[in-house]
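Here's the letter readout for the chains.
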Amino acid sequence: MQDMSETKRIKTALVSVYHKEGLDEIITKLHEEGVEFLSTGGTRQFIESLGYPCKAVEDLTSYPSILGGRVKTLHPKVFGGILCRRHLEEDIQQIEQYEIPEIDLVIVDLYPFEATVASGAEEPAIIEKIDIGGISLIRAGAKNFKDVVIVASKAQYQPLADILNDHGAETTLEERRWFAKEAFAVSSHYDSAIFNYFDGENGSAFRAAVECPKSLRYGENPHQQGAFFGDFEAMFDQIHGKEISYNNLLDINAAVDLIDEFDEVTFAILKHNNACGLASRPVLVDAWKDALAGDPVSAFGGVLITNAVIDKATAEEVNKIFFEIIIAPDYDVDALEILGQKKNRIILVRKEGVQLPKKQYRSVLNGVLVQDRDLKTETPEDLKQVTDKAATAQEVEDMLFANKIVKNSKSNAIVLAKNKQLCASGVGQTSRVDALKHAIEKAKGFGFDLQGAVMASDAFFPFPDCVEIAGNEGITAVIQPGGSVKDELSFQYCNEHGIAMVTTGFRHFKH
């Protein structure tokens, strides 16, 4: 039952929208409920095309749309009808004195500013998509939510239609307050987008408004609440499996960052945001087998990702282990039949053409850290030979391969690789020596011969100890950023022991 003391009936609606899809049902229902319409331009023509009378805003204000459409609704006879407080006798007297009709429902949306910017339009076209009248109507309707329903985007069409179908042209205070909240979300997002356009790369203030909230079962741990703000469906189709969790999203993000480094057919296995297996091969099933060989223990319950279509042969091999998530650009039908045998297994198809943000954000203390996304991927041209011995072509390939992995591993990180296969990595250690020792222990434990392998480090070597340890294990080439005041000691050791070393000048810390 509705609380009648809070219930308001809609008698007059102002409708002025850019997006008209789905509006006809609402207009029809409002007309059936005896609601009168006010509108402008194309929206008025749309309402009349449905066969319903509609009064022009210009007739109410006695002013035409002027300045090329920039001024249409900005008038006291419009805003007075929206902002009038029905419980205040003074307000009622004033609108009667000036013959201002009460407006109980405002349906408005905004010019597509963000879409216009994204299209690459010239600045004059972008500026014209900065809505003035619409944003003012939204704020007015939301401010006076005790008396007015404000529908601020097509995303709210369906909730309004549900109300109209459930109990006619009447709304409760709770419903109007919800619409007001949604309206302010629309206006704040819109203004943030405009600010960020004008601010460009200056970063003079932190303004971010992200739509599409998705509730999660919990955060990192069951006692923590969690949510994701973003459009996951724009990047992926989930075609099988359980609901995606907070930790799943972190792993998926790390997996995408990693696989995007590779152009060759590549398969990667991740655990807790780090690669535990990765290989590039001409044939996908071979890439999978060699990736799994890197650490078949850690692969249990992992996240799998590839940049190639998964075929039946690969699916049969993959299906032999337990894993949580698999991501690929597509799957053959018979491969899906195999992978879909486990009810909870999450199967994702990654969509093409979705651009990731150029900025990264992280909450710390009582603020937010902002940085550019690390888009630097080293090429042969970035490598500076710093030893007498030059790396072979195969060693160069392996060093660049290993460097892509270490870039996407938690610091301190060391990666050992050979023939475009991850032999082992030591990640998240408090010392680089510990990271290397951990990697060597894992590689040996899984039967890898490190003779002729390469080593990649995410940061410089402050001492030559890592190079000495690696050399004793048969490592023949090393890639690192360089920049330590004691670089020469590492270079000297390499020269004395026939190890090729290159520096890149680019550090890739990852916390």
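These numbers come from a predicted model, not from an experiment. Residue indices begin from 1 for each chain and proceed along its sequence in written order. Local features are withheld for residues below a pLDDT of 70 in this predicted model, meaning they are given only at 70 or higher, and side-chain atom pairs are given and counted only at 80 or more; totals for whole chains, interfaces and linings count all residues. By convention in this description, side-chain values take in all heavy atoms of the structure and omit both hydrogens and water.

## What to know about the pattern of salt bridges
- In the sections that follow, a salt bridge refers to a side-chain nitrogen of Lys or Arg positioned within 4 Å of a carboxyl oxygen of Asp or Glu. Inspection of every chain in the model, using the stated rule, returns 22 salt bridges.
- Salt-bridge contacts for Asp-91 lead to Arg-85; the nearest nitrogen and oxygen are separated by 2.7 Å.
- Of the charged contacts in the structure, one is a salt bridge between Lys-376 and Asp-382, with a shortest N-O distance of 3.0 Å.
- Because the salt bridges share partners, they merge into one network encompassing Arg-9, Glu-33 and Glu-170.

## Let's talk about the packing of helix α17 (residues 432–445) against helix α18 (residues 465–472)
- Contact pair α17 / α18: the axes reach a minimum separation of 9 Å and the direction vectors enclose 15 degrees. Considered as vectors, α17 and α18 are oriented roughly parallel to each other. Crossing of α17 against α18: the hand is right-handed. Contact residues: Arg-432, Val-433, Leu-436, Lys-437 and Ile-440 in α17; Asp-465, Cys-466, Ile-469 and Ala-470 in α18. As a rule, the C-alpha atoms of each element are fitted with a line to give its axis, helices using only the stretch in contact, and angles between N-to-C directions run from 0 to 180 degrees. Secondary structure elements are defined from DSSP: runs of H or I of at least 4 residues count as helices, runs of E of at least 2 residues count as strands, and each element is numbered from the N terminus. Our angle categories are set so that under 35 degrees counts as roughly parallel, over 145 as roughly antiparallel, 65 to 115 as roughly perpendicular, and the remainder as oblique. Crossing handedness is defined as follows: a turn of the near helix away from the far one that is anticlockwise and smaller than a right angle gives a left-handed crossing, while the clockwise case is right-handed. Here, residues are in contact when the closest pair of their heavy atoms is within 4.5 Å.

## Description of a negative patch on the surface
- Patch rule: a residue counts if its relative accessible area is over 30% and it has no salt bridge; like charges are joined within 9 Å, and nonpolar side chains (Val, Leu, Ile, Met, Phe, Trp, Tyr) within 5 Å. Under the convention used here, a 1.4 Å probe and the Shrake-Rupley method define accessible areas, while residue burial counts only the protein chains that appear. A positive count includes Lys and Arg, and a negative count includes Asp and Glu. His and the chain ends are not counted in either. Lysine's charge is taken at NZ, arginine's at CZ, aspartate's at CG and glutamate's at CD. On the surface, Glu-316, Asp-330, Asp-332, Asp-334 and Glu-337 cluster together into a negatively charged patch.
- Of note, Glu-337 is situated in helix α15 (residues 333–339).
- By relative accessible area, which is 55% here, Glu-337 ends up exposed. Only protein chains enter the accessibility calculation, which uses a 1.4 Å probe. A residue is then buried if its area is under 20% of the maximum for its type, exposed if over 50%, and partly exposed in between.

## Some words on the state of the cysteines
- Throughout, a disulfide means two cysteine sulfur atoms within 2.5 Å of one another. This model, assessed by the stated rule, comprises zero disulfides.
- Among the cysteines around Cys-276, which has no disulfide bond, Cys-423 carries the closest sulfur, lying 14 Å off.

## A look at the pairing of strand β14 (residues 323–328)
- Most of β14 is tucked away, with five of its six residues classed as buried.
- Two strands pair when backbone bridges link them, and strand β13 (residues 302–306) and β14 are joined in this way by four bridges, in the parallel orientation. Pairing of Leu-304 across the sheet is with Ile-326, part of β14.
- A right-handed crossover is one whose linking path, passing over the helix from the first strand to the second, runs clockwise when the strands point away from the viewer. Crossover β13 to β14 through helix α14 (residues 312–318) is right-handed.
- Only when DSSP finds a minimum of two bridges between them are two strands counted as paired. Inspection of the sheet shows β14 paired to strand β15 (residues 346–350) by four bridges, in the parallel sense. By the bridge assignment, Ala-328 is partnered in β15 with Val-349.
- Following the chain from β14 across α15 to the adjacent parallel β15, one finds a crossover that is right-handed.

## Digging into the environment of Asp-199
- Relative to the helices and strands, Asp-199 resides in helix α10 (residues 173–199).
- Looking at Asp-199, the relative accessible area reads 10%, which means it is buried.
- Remark: the alpha-carbon pair of Asp-199 and Val-415, spanning 216 residues in sequence, is separated by 40 Å.
- For Asp-199, the contacting residues outside a window of four places in its chain are Ser-204 and Ala-205.

## Here we look at the environment of Gln-341
- Tracing the chain through its elements places Gln-341 in the loop between α15 and β15.
- By relative accessible area, Gln-341 is classed as exposed at 56%.
- Measuring from C-alpha to C-alpha, the distance between Gln-341 and His-240 comes to 9.8 Å, with 101 residues separating the pair along the chain.

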